[in-house]
Amino acid sequence: MTKYRVQNPATGEIVETFEVATDAQIEQTLAAADAAYREWRERSVQERAAAVKRVAELFEERKDELARLIAVEMGKSIAESLDEVEFARSIIEYYAVHGPSLITDHEIPSTIPGKAIIEQLPVGALLGVMPWNFPYYQVARFAAPNLVLGNTIILKHADICARSALTIQEIMEEAGVPVGGYQNVFASHEQIASMIADPRVQGVSLTGSERAGAIIGEQAGRHLKKCVLELGGIDPMVVLDADDVAGVAKAAWDFRVYNGGQVCNSNKRLIVMDDIYDEFVAELRRLATGLEPGDQLDLREGQYAPMSSRAAAETVHAQVQKAVAEGATLEAGGVLSDGPGAYYSPAVLTGVPRDSESYGEELFGPVATVYRVHSDEEALELANDCALGLGGSVFSTDEARAARVASRLEVGMTHVNTIAAEAAELPFGGVKRSGFGREMGPVGIGEFANRRLSFVAR
(Lines give C-alpha, C1' and ligand atoms only; values in the text may rest on other atoms or scores of the structure.)
Protein backbone atom coordinates (compact mmCIF):
# COMPACT_ATOMS: atom_id res chain seq x y z
CA MET A 1 0.00 0.00 0.00
CA THR A 2 1.30 3.42 -0.94
CA LYS A 3 2.16 5.29 2.25
CA TYR A 4 0.61 8.74 1.65
CA ARG A 5 -2.49 8.70 -0.51
CA VAL A 6 -6.03 9.88 -1.04
CA GLN A 7 -8.23 6.76 -1.07
CA ASN A 8 -12.00 7.09 -1.18
CA PRO A 9 -13.23 4.73 1.58
CA ALA A 10 -16.61 4.33 -0.10
CA THR A 11 -15.04 2.62 -3.11
CA GLY A 12 -11.46 1.79 -2.15
CA GLU A 13 -10.27 3.79 -5.17
CA ILE A 14 -6.85 5.40 -4.76
CA VAL A 15 -7.32 8.89 -6.17
CA GLU A 16 -3.85 10.34 -5.64
CA THR A 17 -0.49 9.20 -4.23
CA PHE A 18 2.43 11.07 -2.69
CA GLU A 19 6.08 10.26 -2.12
CA VAL A 20 7.48 9.91 1.38
CA ALA A 21 10.03 12.64 2.14
CA THR A 22 13.72 11.93 1.64
CA ASP A 23 16.10 12.44 4.56
CA ALA A 24 17.49 15.46 2.70
CA GLN A 25 13.99 16.95 2.55
CA ILE A 26 13.53 16.35 6.28
CA GLU A 27 16.78 18.26 6.92
CA GLN A 28 15.54 21.10 4.72
CA THR A 29 12.26 21.14 6.66
CA LEU A 30 14.08 21.35 10.02
CA ALA A 31 16.39 24.11 8.79
CA ALA A 32 13.48 26.10 7.37
CA ALA A 33 11.43 25.72 10.58
CA ASP A 34 14.33 26.91 12.70
CA ALA A 35 15.15 29.86 10.42
CA ALA A 36 11.48 30.91 10.25
CA TYR A 37 11.21 30.69 14.05
CA ARG A 38 14.07 33.15 14.53
CA GLU A 39 12.27 35.65 12.32
CA TRP A 40 8.66 34.89 13.40
CA ARG A 41 9.36 35.28 17.13
CA GLU A 42 10.68 38.80 16.53
CA ARG A 43 7.43 39.99 14.98
CA SER A 44 4.89 41.60 17.28
CA VAL A 45 2.18 39.34 18.64
CA GLN A 46 -0.36 41.55 16.87
CA GLU A 47 1.32 40.87 13.53
CA ARG A 48 1.39 37.12 14.16
CA ALA A 49 -2.26 37.18 15.24
CA ALA A 50 -3.21 39.09 12.08
CA ALA A 51 -1.74 36.33 9.92
CA VAL A 52 -3.59 33.69 11.93
CA LYS A 53 -6.81 35.72 11.58
CA ARG A 54 -6.32 35.61 7.83
CA VAL A 55 -6.00 31.82 8.02
CA ALA A 56 -9.47 31.71 9.60
CA GLU A 57 -10.86 33.94 6.84
CA LEU A 58 -9.40 31.67 4.15
CA PHE A 59 -10.94 28.62 5.83
CA GLU A 60 -14.31 30.36 5.58
CA GLU A 61 -13.76 31.42 1.95
CA ARG A 62 -12.69 27.92 0.89
CA LYS A 63 -14.97 25.88 3.15
CA ASP A 64 -16.81 24.00 0.39
CA GLU A 65 -13.56 22.91 -1.23
CA LEU A 66 -12.02 22.01 2.13
CA ALA A 67 -15.08 19.98 3.13
CA ARG A 68 -15.08 17.96 -0.07
CA LEU A 69 -11.38 17.12 0.34
CA ILE A 70 -11.85 15.42 3.70
CA ALA A 71 -15.13 13.77 2.68
CA VAL A 72 -13.24 11.96 -0.07
CA GLU A 73 -10.18 11.29 2.13
CA MET A 74 -11.77 9.83 5.26
CA GLY A 75 -15.41 9.34 4.43
CA LYS A 76 -17.43 11.75 6.54
CA SER A 77 -20.53 13.28 5.01
CA ILE A 78 -20.40 16.70 3.40
CA ALA A 79 -22.58 18.09 6.21
CA GLU A 80 -20.21 16.80 8.89
CA SER A 81 -17.20 17.92 6.86
CA LEU A 82 -18.60 21.46 6.70
CA ASP A 83 -19.20 21.30 10.48
CA GLU A 84 -15.55 20.45 10.97
CA VAL A 85 -14.24 23.22 8.72
CA GLU A 86 -16.40 25.71 10.62
CA PHE A 87 -15.19 24.42 14.01
CA ALA A 88 -11.56 24.64 12.87
CA ARG A 89 -12.17 28.18 11.65
CA SER A 90 -13.65 29.15 15.02
CA ILE A 91 -10.62 27.80 16.90
CA ILE A 92 -8.18 29.62 14.62
CA GLU A 93 -10.17 32.84 14.98
CA TYR A 94 -10.38 32.43 18.78
CA TYR A 95 -6.60 32.43 19.10
CA ALA A 96 -6.19 35.24 16.58
CA VAL A 97 -8.56 37.42 18.64
CA HIS A 98 -7.85 36.30 22.22
CA GLY A 99 -4.35 34.82 21.95
CA PRO A 100 -2.45 38.08 22.48
CA SER A 101 -4.26 38.82 25.75
CA LEU A 102 -3.78 35.22 26.96
CA ILE A 103 0.01 35.55 26.77
CA THR A 104 0.36 39.08 28.15
CA ASP A 105 3.17 39.55 30.69
CA HIS A 106 1.90 39.74 34.25
CA GLU A 107 3.52 40.82 37.50
CA ILE A 108 3.49 38.57 40.57
CA PRO A 109 4.06 39.65 44.20
CA SER A 110 7.62 39.15 45.42
CA THR A 111 9.10 39.07 48.94
CA ILE A 112 12.44 40.14 47.42
CA PRO A 113 12.66 43.89 46.66
CA GLY A 114 12.12 44.28 42.96
CA LYS A 115 9.70 43.59 40.15
CA ALA A 116 8.84 39.98 39.18
CA ILE A 117 7.22 39.44 35.80
CA ILE A 118 6.04 36.17 34.26
CA GLU A 119 6.48 36.24 30.48
CA GLN A 120 5.07 33.70 28.02
CA LEU A 121 7.53 33.27 25.19
CA PRO A 122 7.87 30.83 22.29
CA VAL A 123 10.32 27.94 22.47
CA GLY A 124 11.02 27.07 18.82
CA ALA A 125 9.89 24.63 16.16
CA LEU A 126 7.28 22.09 17.21
CA LEU A 127 6.31 18.76 15.63
CA GLY A 128 2.65 17.79 15.41
CA VAL A 129 1.59 14.22 14.62
CA MET A 130 -2.11 14.31 13.76
CA PRO A 131 -4.86 11.72 13.10
CA TRP A 132 -7.30 11.28 10.26
CA ASN A 133 -10.61 11.53 12.12
CA PHE A 134 -10.74 15.36 12.12
CA PRO A 135 -8.13 16.48 9.58
CA TYR A 136 -8.63 20.26 10.09
CA TYR A 137 -9.86 20.53 13.69
CA GLN A 138 -6.91 18.55 15.08
CA VAL A 139 -4.42 20.78 13.26
CA ALA A 140 -6.23 24.00 14.17
CA ARG A 141 -6.13 23.42 17.90
CA PHE A 142 -2.39 22.68 17.82
CA ALA A 143 -1.15 25.14 15.20
CA ALA A 144 -3.22 28.28 15.82
CA PRO A 145 -2.19 29.01 19.44
CA ASN A 146 1.44 28.13 18.81
CA LEU A 147 1.71 30.36 15.74
CA VAL A 148 0.27 33.28 17.71
CA LEU A 149 2.76 32.55 20.51
CA GLY A 150 5.65 32.64 18.02
CA ASN A 151 6.51 28.97 17.61
CA THR A 152 6.78 27.35 14.17
CA ILE A 153 5.07 24.14 13.11
CA ILE A 154 6.13 20.95 11.36
CA LEU A 155 3.00 18.90 10.73
CA LYS A 156 3.04 15.17 10.04
CA HIS A 157 -0.52 14.23 9.15
CA ALA A 158 -2.17 10.84 8.78
CA ASP A 159 -1.25 8.98 5.62
CA ILE A 160 -4.81 9.17 4.20
CA CYS A 161 -5.11 12.95 4.66
CA ALA A 162 -2.38 14.02 2.26
CA ARG A 163 -4.26 16.46 0.03
CA SER A 164 -5.98 18.31 2.88
CA ALA A 165 -2.64 18.43 4.72
CA LEU A 166 -0.97 20.14 1.76
CA THR A 167 -3.90 22.53 1.42
CA ILE A 168 -3.53 23.66 5.05
CA GLN A 169 0.11 24.64 4.38
CA GLU A 170 -0.96 26.47 1.23
CA ILE A 171 -3.54 28.46 3.23
CA MET A 172 -1.03 29.25 6.02
CA GLU A 173 1.48 30.67 3.55
CA GLU A 174 -1.17 32.62 1.63
CA ALA A 175 -2.32 34.14 4.93
CA GLY A 176 1.14 35.50 5.74
CA VAL A 177 2.77 32.82 7.88
CA PRO A 178 6.39 32.90 6.64
CA VAL A 179 7.65 30.07 4.43
CA GLY A 180 9.01 27.53 6.90
CA GLY A 181 6.66 28.74 9.62
CA TYR A 182 4.13 25.99 8.89
CA GLN A 183 5.28 22.96 6.93
CA ASN A 184 3.52 19.73 6.05
CA VAL A 185 5.86 16.76 5.89
CA PHE A 186 5.22 13.27 4.50
CA ALA A 187 7.51 11.58 7.02
CA SER A 188 8.14 7.94 7.90
CA HIS A 189 8.14 6.65 11.48
CA GLU A 190 11.93 6.69 11.47
CA GLN A 191 11.97 10.29 10.27
CA ILE A 192 9.53 11.30 13.01
CA ALA A 193 11.95 9.84 15.56
CA SER A 194 14.85 11.71 14.00
CA MET A 195 12.94 15.00 14.11
CA ILE A 196 12.05 14.52 17.79
CA ALA A 197 15.73 13.87 18.48
CA ASP A 198 16.86 16.97 16.58
CA PRO A 199 17.74 19.94 18.85
CA ARG A 200 15.92 22.33 16.51
CA VAL A 201 12.60 20.71 17.53
CA GLN A 202 11.54 21.81 21.00
CA GLY A 203 8.33 19.89 21.53
CA VAL A 204 5.91 17.39 20.06
CA SER A 205 2.11 17.06 20.15
CA LEU A 206 0.37 13.83 19.21
CA THR A 207 -3.29 12.96 18.93
CA GLY A 208 -3.70 9.25 18.38
CA SER A 209 -3.77 5.82 19.95
CA GLU A 210 -2.36 4.75 23.31
CA ARG A 211 0.27 2.75 21.43
CA ALA A 212 1.37 5.75 19.35
CA GLY A 213 1.35 7.94 22.46
CA ALA A 214 3.62 5.55 24.34
CA ILE A 215 6.11 5.54 21.45
CA ILE A 216 6.12 9.32 20.95
CA GLY A 217 6.20 9.96 24.71
CA GLU A 218 9.19 7.65 25.11
CA GLN A 219 11.05 9.35 22.26
CA ALA A 220 10.27 12.80 23.62
CA GLY A 221 11.36 11.82 27.12
CA ARG A 222 14.62 10.35 25.91
CA HIS A 223 15.50 13.69 24.31
CA LEU A 224 14.04 15.83 27.14
CA LYS A 225 11.35 17.36 24.94
CA LYS A 226 7.99 18.56 26.18
CA CYS A 227 5.08 16.58 24.73
CA VAL A 228 1.30 16.80 24.75
CA LEU A 229 -0.56 13.53 24.23
CA GLU A 230 -4.29 13.33 23.46
CA LEU A 231 -5.00 9.63 23.26
CA GLY A 232 -8.06 7.43 23.28
CA GLY A 233 -11.20 7.46 25.36
CA ILE A 234 -13.96 5.08 26.43
CA ASP A 235 -16.04 7.90 27.83
CA PRO A 236 -19.01 7.05 30.05
CA MET A 237 -22.43 8.62 29.53
CA VAL A 238 -24.35 7.91 32.73
CA VAL A 239 -28.16 8.20 32.51
CA LEU A 240 -29.63 8.22 36.04
CA ASP A 241 -33.17 9.14 35.04
CA ALA A 242 -35.03 11.01 32.31
CA ASP A 243 -38.46 12.51 31.64
CA ASP A 244 -38.00 11.67 27.95
CA VAL A 245 -36.06 8.42 27.81
CA ALA A 246 -36.34 8.12 24.02
CA GLY A 247 -35.10 11.69 23.62
CA VAL A 248 -31.97 11.05 25.71
CA ALA A 249 -31.39 7.78 23.83
CA LYS A 250 -31.67 9.65 20.51
CA ALA A 251 -29.11 12.23 21.71
CA ALA A 252 -26.83 9.40 22.83
CA TRP A 253 -27.17 7.66 19.47
CA ASP A 254 -26.60 10.79 17.38
CA PHE A 255 -23.38 11.62 19.24
CA ARG A 256 -22.16 8.01 19.24
CA VAL A 257 -22.48 7.56 15.48
CA TYR A 258 -21.26 11.07 14.59
CA ASN A 259 -18.20 10.90 12.30
CA GLY A 260 -18.78 7.16 11.98
CA GLY A 261 -18.20 6.81 15.71
CA GLN A 262 -14.56 7.77 15.13
CA VAL A 263 -14.35 10.40 17.87
CA CYS A 264 -11.93 10.30 20.83
CA ASN A 265 -14.45 11.71 23.31
CA SER A 266 -17.49 9.89 21.98
CA ASN A 267 -19.91 8.39 24.53
CA LYS A 268 -18.54 4.87 24.11
CA ARG A 269 -20.10 3.43 27.30
CA LEU A 270 -23.78 4.15 27.90
CA ILE A 271 -24.44 3.40 31.57
CA VAL A 272 -28.20 3.37 32.13
CA MET A 273 -30.28 2.93 35.29
CA ASP A 274 -32.27 -0.28 35.52
CA ASP A 275 -35.78 1.25 35.51
CA ILE A 276 -35.27 3.01 32.15
CA TYR A 277 -32.73 0.60 30.60
CA ASP A 278 -35.17 -1.48 28.53
CA GLU A 279 -36.87 1.58 27.00
CA PHE A 280 -33.47 3.17 26.32
CA VAL A 281 -32.11 0.08 24.54
CA ALA A 282 -35.35 -0.37 22.58
CA GLU A 283 -34.99 3.17 21.20
CA LEU A 284 -31.35 2.57 20.23
CA ARG A 285 -32.37 -0.66 18.52
CA ARG A 286 -35.05 1.21 16.58
CA LEU A 287 -32.58 3.90 15.49
CA ALA A 288 -30.05 1.28 14.33
CA THR A 289 -32.57 -0.69 12.27
CA GLY A 290 -33.06 -0.28 8.52
CA LEU A 291 -30.04 1.89 7.80
CA GLU A 292 -28.27 1.58 4.44
CA PRO A 293 -24.81 2.47 3.10
CA GLY A 294 -24.69 5.78 1.27
CA ASP A 295 -22.41 8.09 -0.70
CA GLN A 296 -20.73 10.48 1.74
CA LEU A 297 -20.77 13.18 -0.95
CA ASP A 298 -24.57 12.89 -1.24
CA LEU A 299 -25.81 11.24 1.96
CA ARG A 300 -29.57 10.76 2.29
CA GLU A 301 -31.88 10.21 5.24
CA GLY A 302 -31.53 6.68 6.62
CA GLN A 303 -28.07 6.21 5.15
CA TYR A 304 -24.66 6.02 6.81
CA ALA A 305 -21.26 7.04 5.48
CA PRO A 306 -18.23 4.75 5.24
CA MET A 307 -15.63 4.56 7.97
CA SER A 308 -12.18 6.02 7.27
CA SER A 309 -10.76 2.87 5.67
CA ARG A 310 -11.56 -0.75 5.00
CA ALA A 311 -9.05 -1.71 7.70
CA ALA A 312 -10.85 0.49 10.26
CA ALA A 313 -14.20 -1.13 9.45
CA GLU A 314 -12.74 -4.63 9.63
CA THR A 315 -11.12 -3.85 13.00
CA VAL A 316 -14.37 -2.68 14.58
CA HIS A 317 -16.25 -5.64 13.12
CA ALA A 318 -13.69 -8.05 14.60
CA GLN A 319 -13.93 -6.34 17.99
CA VAL A 320 -17.72 -6.62 18.05
CA GLN A 321 -17.57 -10.27 16.99
CA LYS A 322 -15.08 -10.95 19.78
CA ALA A 323 -17.35 -9.23 22.33
CA VAL A 324 -20.26 -11.42 21.19
CA ALA A 325 -18.08 -14.52 21.49
CA GLU A 326 -17.27 -13.42 25.05
CA GLY A 327 -20.96 -13.18 25.95
CA ALA A 328 -22.23 -9.80 24.70
CA THR A 329 -25.43 -9.40 22.65
CA LEU A 330 -25.50 -7.62 19.28
CA GLU A 331 -28.96 -6.00 19.42
CA ALA A 332 -28.92 -4.39 15.96
CA GLY A 333 -26.59 -3.44 13.11
CA GLY A 334 -22.99 -4.57 13.08
CA VAL A 335 -22.89 -5.70 9.45
CA LEU A 336 -19.60 -5.36 7.58
CA SER A 337 -20.17 -4.72 3.88
CA ASP A 338 -18.46 -6.72 1.19
CA GLY A 339 -15.23 -4.98 0.16
CA PRO A 340 -13.61 -2.84 -0.95
CA GLY A 341 -15.85 -0.16 0.62
CA ALA A 342 -15.42 0.68 4.31
CA TYR A 343 -19.06 0.35 5.39
CA TYR A 344 -20.00 -0.95 8.83
CA SER A 345 -23.61 -0.57 9.88
CA PRO A 346 -24.09 1.34 13.17
CA ALA A 347 -24.59 -1.16 15.97
CA VAL A 348 -26.02 -1.59 19.46
CA LEU A 349 -24.13 -3.88 21.85
CA THR A 350 -25.30 -4.95 25.33
CA GLY A 351 -24.13 -7.28 28.06
CA VAL A 352 -20.37 -6.97 27.54
CA PRO A 353 -18.96 -8.99 30.48
CA ARG A 354 -16.91 -6.96 32.95
CA ASP A 355 -14.26 -9.72 33.05
CA SER A 356 -13.83 -9.91 29.26
CA GLU A 357 -11.03 -8.46 27.14
CA SER A 358 -13.62 -6.49 25.17
CA TYR A 359 -14.70 -4.57 28.27
CA GLY A 360 -11.45 -2.58 28.36
CA GLU A 361 -11.10 -2.00 24.60
CA GLU A 362 -11.97 1.23 22.80
CA LEU A 363 -14.38 0.67 19.91
CA PHE A 364 -13.41 3.37 17.39
CA GLY A 365 -16.50 3.05 15.26
CA PRO A 366 -20.31 3.42 15.31
CA VAL A 367 -21.11 1.02 18.16
CA ALA A 368 -23.31 2.03 21.10
CA THR A 369 -22.34 -0.19 24.05
CA VAL A 370 -24.91 -0.18 26.87
CA TYR A 371 -24.58 -1.28 30.51
CA ARG A 372 -27.38 -1.74 33.08
CA VAL A 373 -26.85 -0.41 36.64
CA HIS A 374 -29.03 -0.23 39.75
CA SER A 375 -27.66 2.70 41.79
CA ASP A 376 -25.66 5.91 41.52
CA GLU A 377 -22.73 4.22 43.25
CA GLU A 378 -22.76 1.28 40.85
CA ALA A 379 -22.92 3.68 37.89
CA LEU A 380 -19.95 5.64 39.22
CA GLU A 381 -17.92 2.50 39.97
CA LEU A 382 -18.50 1.24 36.42
CA ALA A 383 -17.74 4.64 34.88
CA ASN A 384 -14.38 4.83 36.70
CA ASP A 385 -13.46 1.20 36.05
CA CYS A 386 -11.47 2.16 32.99
CA ALA A 387 -7.79 2.67 32.16
CA LEU A 388 -8.69 5.72 30.06
CA GLY A 389 -9.99 9.06 31.34
CA LEU A 390 -10.80 11.57 28.62
CA GLY A 391 -14.34 12.84 29.26
CA GLY A 392 -17.66 11.79 30.71
CA SER A 393 -21.23 12.93 31.24
CA VAL A 394 -24.10 12.39 33.67
CA PHE A 395 -27.79 12.91 32.88
CA SER A 396 -30.61 13.41 35.37
CA THR A 397 -33.70 15.57 35.88
CA ASP A 398 -32.10 16.37 39.26
CA GLU A 399 -29.14 18.55 38.29
CA ALA A 400 -27.60 18.42 41.78
CA ARG A 401 -27.70 14.62 41.76
CA ALA A 402 -26.04 14.50 38.34
CA ALA A 403 -23.42 17.04 39.42
CA ARG A 404 -22.55 14.97 42.49
CA VAL A 405 -21.89 11.90 40.36
CA ALA A 406 -20.07 13.90 37.66
CA SER A 407 -17.76 15.47 40.25
CA ARG A 408 -16.38 12.02 41.05
CA LEU A 409 -15.62 10.96 37.47
CA GLU A 410 -11.90 10.27 36.91
CA VAL A 411 -11.67 12.19 33.64
CA GLY A 412 -10.30 15.40 32.16
CA MET A 413 -13.72 16.80 31.22
CA THR A 414 -17.02 16.30 33.07
CA HIS A 415 -20.47 17.25 31.81
CA VAL A 416 -23.95 17.42 33.27
CA ASN A 417 -26.97 16.99 30.97
CA THR A 418 -24.90 17.34 27.81
CA ILE A 419 -22.59 14.71 26.34
CA ALA A 420 -19.66 16.93 25.40
CA ALA A 421 -19.38 20.71 25.53
CA GLU A 422 -17.03 21.60 22.68
CA ALA A 423 -16.00 25.10 21.70
CA ALA A 424 -12.80 26.97 20.92
CA GLU A 425 -12.66 28.49 24.42
CA LEU A 426 -13.12 25.18 26.30
CA PRO A 427 -9.99 23.17 27.17
CA PHE A 428 -9.78 19.60 25.88
CA GLY A 429 -7.73 16.71 27.30
CA GLY A 430 -7.69 13.77 29.64
CA VAL A 431 -6.05 11.88 32.49
CA LYS A 432 -4.89 8.31 33.11
CA ARG A 433 -4.05 6.55 29.82
CA SER A 434 -5.91 9.19 27.79
CA GLY A 435 -2.73 11.25 27.93
CA PHE A 436 -1.72 14.60 29.36
CA GLY A 437 -1.72 18.26 28.45
CA ARG A 438 -4.60 20.38 27.22
CA GLU A 439 -5.55 21.95 23.93
CA MET A 440 -7.91 24.84 23.20
CA GLY A 441 -9.18 27.53 25.55
CA PRO A 442 -6.95 29.82 27.63
CA VAL A 443 -4.68 26.96 28.75
CA GLY A 444 -3.99 25.53 25.29
CA ILE A 445 -1.69 28.37 24.30
CA GLY A 446 0.58 27.76 27.29
CA GLU A 447 1.60 24.14 26.69
CA PHE A 448 4.61 25.03 24.55
CA ALA A 449 5.44 28.38 26.13
CA ASN A 450 8.56 29.40 28.03
CA ARG A 451 6.97 30.86 31.16
CA ARG A 452 10.04 32.93 31.87
CA LEU A 453 10.63 34.80 35.08
CA SER A 454 11.94 38.31 34.49
CA PHE A 455 13.17 39.85 37.75
CA VAL A 456 14.50 43.40 38.12
CA ALA A 457 15.96 44.17 41.55
CA ARG A 458 15.12 47.45 43.28
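Residues numbered from 1 in each chain as written. Predicted model: local features only at pLDDT ≥ 70, side-chain atom pairs only at ≥ 80, totals over all residues. Heavy atoms only, no water.

In the nomenclature of an unreviewed UniProt entry, the protein chain corresponds to NAD-dependent succinate-semialdehyde dehydrogenase from the organism Agromyces lapidis. One UniProt comment on the protein chain, placed under Sequence similarities (unreviewed entry), says "Belongs to the aldehyde dehydrogenase family." (UniProt positions renumbered as here; feature names shortened; annotations may be inferred.)

Asker: Teacher, can you tell me more about the UniProt feature "domain: Aldehyde dehydrogenase" (unreviewed entry) in the protein chain here?
Answerer: UniProt's feature table lists "domain: Aldehyde dehydrogenase" (unreviewed entry) at residues 3-450, given in the numbering used throughout. Secondary structure content for residues 3-450 is 42% helix and 20% strand, while the C-alpha to C-alpha distance between its ends is 36 Å. (Helix = DSSP H or I, 4+ residues; strand = E, 2+ residues; numbered from the N terminus.)

Asker: How should I be thinking about the sheet that holds strand S6 (residues 152-156) in this particular structure?
Answerer: The strands making up a sheet associate through backbone hydrogen bonding, with each pair oriented either parallel or antiparallel. Spatial strand order, S7-S6-S5-S8-S9-S21: six strands in an open sheet with mixed pairing. The strands lining the two open edges of the sheet, one partner per strand, are strand S7 (182-184) and strand S21 (435-436). Relative to S21, strand S9 (residues 226-230) is paired through two bridges, and the arrangement is antiparallel. Within S21, the residue paired with Glu230 across the bridge is Gly435. In the packing of helix H1 (residues 23-40) onto the sheet, contacts are made with strand S5 (125-129), S6, S7 and strand S8 (201-207), and the angle to S6 comes to roughly 150°. (Pairing = 2+ DSSP bridges. Contact = heavy atoms within 4.5 Å. Axes fitted to C-alpha atoms, helices over the stretch in contact; angles between N-to-C directions.)

Asker: Honestly, empty space enclosed by the protein in this entry has me stumped. Any pointers?
Answerer: Where empty space is left can be seen by rolling a probe of water-molecule size over the atoms. Summed over the entire model, instances satisfying the criterion amount to five cavities of 30 Å³ or more. One number sums up the size of the largest cavity: a volume of about 130 Å³. Every residue lining the largest cavity is counted, 14 residues in all, and those nearest its centre are Ser358, Glu361, Leu363, Thr369 and Tyr371. Sorting the residues of the lining of the largest cavity by element identifies helix H11 (310-325) and strand S16 (367-373) as the ones contributing at least two each. When residues of the lining of the largest cavity are assigned to their parent elements, the largest contribution, three residues, is made by H11. (1 Å grid on protein atoms, 1.4 Å probe; cavity = no way out; pocket = protein on both sides within 12 Å on 5 of 7 lines; lining within 4 Å. Points joined across faces, edges and corners; volume = space filled by probe spheres on them.)

Asker: Before we go on, may I ask you to explain helix H6 (residues 162-175) in this structure?
Answerer: An α-helical turn contains 3.6 residues, so any two residues separated by three or four positions project in the same direction. Between its first and last C-alpha atoms H6 spans 20 Å; for 14 residues at 1.5 Å apiece the expected length is 20 Å, and the two agree. Within the span of H6, buried status applies to Ala162, Ser164, Ala165, Thr167, Ile168, Gln169, Ile171, Met172 and Ala175. If you follow the buried residues of H6, they end up packed against strand S1 (4-7), strand S2 (14-18), helix H2 (45-61), helix H3 (63-74), helix H5 (137-149) and S7. The positive-phi residue at the C-terminal boundary of H6 is Gly176, with phi of around 115°. (Expected span 1.5 Å × (residues − 1). Buried < 20%, exposed > 50% of the residue type's maximum accessible area, 1.4 Å probe, protein only.)

Asker: Explain the side chain of Arg256 to me, please; I cannot follow it from the model alone.
Answerer: Secondary-structure assignment places Arg256 in helix H9 (residues 245-257). Among the polar contacts listed, one links the side chain of Arg256 to the backbone oxygen of Leu363, at a separation of 2.8 Å. (Polar contact = N/O pair within 3.5 Å; in protein donor to acceptor, adjacent residues only side chain to side chain.)

Asker: Looking at this model, I keep getting lost on the packing of H2 against helix H4 (residues 78-102). Mind explaining?
Answerer: The angle between the axes and the distance between the axes are what describe a pair of packed helices. At a closest axis distance of 8 Å, the pairing of H2 and H4 adopts a crossing angle of 165°. What the angle tells us is that H2 and H4 run roughly antiparallel. The crossing of H2 and H4 is left-handed. For the pair formed by H2 and H4, the contact residues are Val45, Ala49, Val52, Lys53, Val55, Ala56, Phe59 and Glu60 on the first element and Val85, Glu86, Ala88, Arg89, Ile92, Glu93, Ala96, Val97 and Pro100 on the second. In terms of residue class, the contact of H2 with H4 is made up of 12 nonpolar, no polar and five charged. (Parallel < 35°, antiparallel > 145°, perpendicular 65-115°, else oblique. Left-handed = near helix turned anticlockwise from the far one by under 90°. Nonpolar A, V, L, I, M, F, W, Y, C, P; charged D, E, K, R; others polar.)

Asker: Just to check I follow, could you spell out unusual backbone geometry for this structure?
Answerer: Trans is the common state for peptide bonds, and a negative phi is the common state for residues other than glycine. Put simply, Gly339 and Pro340 share a cis peptide bond, and its omega is 0°. A positive phi angle, near 60°, is found at Asn259, a position not held by glycine. At Asn417, a residue that is not glycine, the phi angle is positive and equals roughly 60°. For Asn417, the position within the fold is in the loop between strand S19 (413-416) and strand S20 (431-432). The exposure class of Asn417 is partly exposed, given its relative accessible area of 35%.

Asker: Help me understand the pattern of salt bridges, please; the structure alone is not making it clear to me.
Answerer: Think of it this way: side chains of opposite charge can pair up when their charged atoms draw near. The tally for this structure, following the rule as stated, stands at 43 salt bridges. Here Glu57 ties to Arg54 by a salt bridge, and the two come within 3.0 Å at their closest N and O atoms. Placement of the pair is Glu57 and Arg54 together in helix H2, with a separation of three residues, close to one helical turn. A relative accessible area of 34% means that Glu57 is categorised as partly exposed. A salt bridge links Arg62 to Glu174; the shortest N-O distance between them is 3.9 Å. Note that Arg62 is positioned in the loop between H2 and H3 and Glu174 in helix H6, a separation of 112 residues in sequence. Linked through salt bridges whose partners overlap, the residues forming this network are Lys53, Arg54, Glu57, Glu60, Glu61, Lys63, Glu86, Arg89 and Glu93. (Salt bridge = Lys/Arg side-chain N within 4 Å of Asp/Glu carboxyl O.)

Asker: Could you clarify how one ought to interpret the pairing of strand S10 (residues 236-239) in this entry?
Answerer: On a regular strand, each side chain points to the face opposite its neighbour's, so the side chains alternate between the two faces of the sheet. Burial of S10 is two-sided: the residues Pro236 and Val238 facing one way and the residues Met237 and Val239 facing the other way are all buried. Bridging between S10 and strand S11 (residues 269-273) involves four bridges; their strand directions are parallel. Each residue of the ladder has a partner; that of Val238, found in S11, is Ile271. The β-α-β motif built from S10, the intervening H9 and the parallel element S11 has right-handed crossover chirality. Here three bridges tie S10 to strand S18 (residues 391-395), and the two strands are oriented parallel to one another. Note that in S18 the partner of Met237 across the bridge is Ser393. (Right-handed = clockwise from strand over helix to strand, strands pointing away.)

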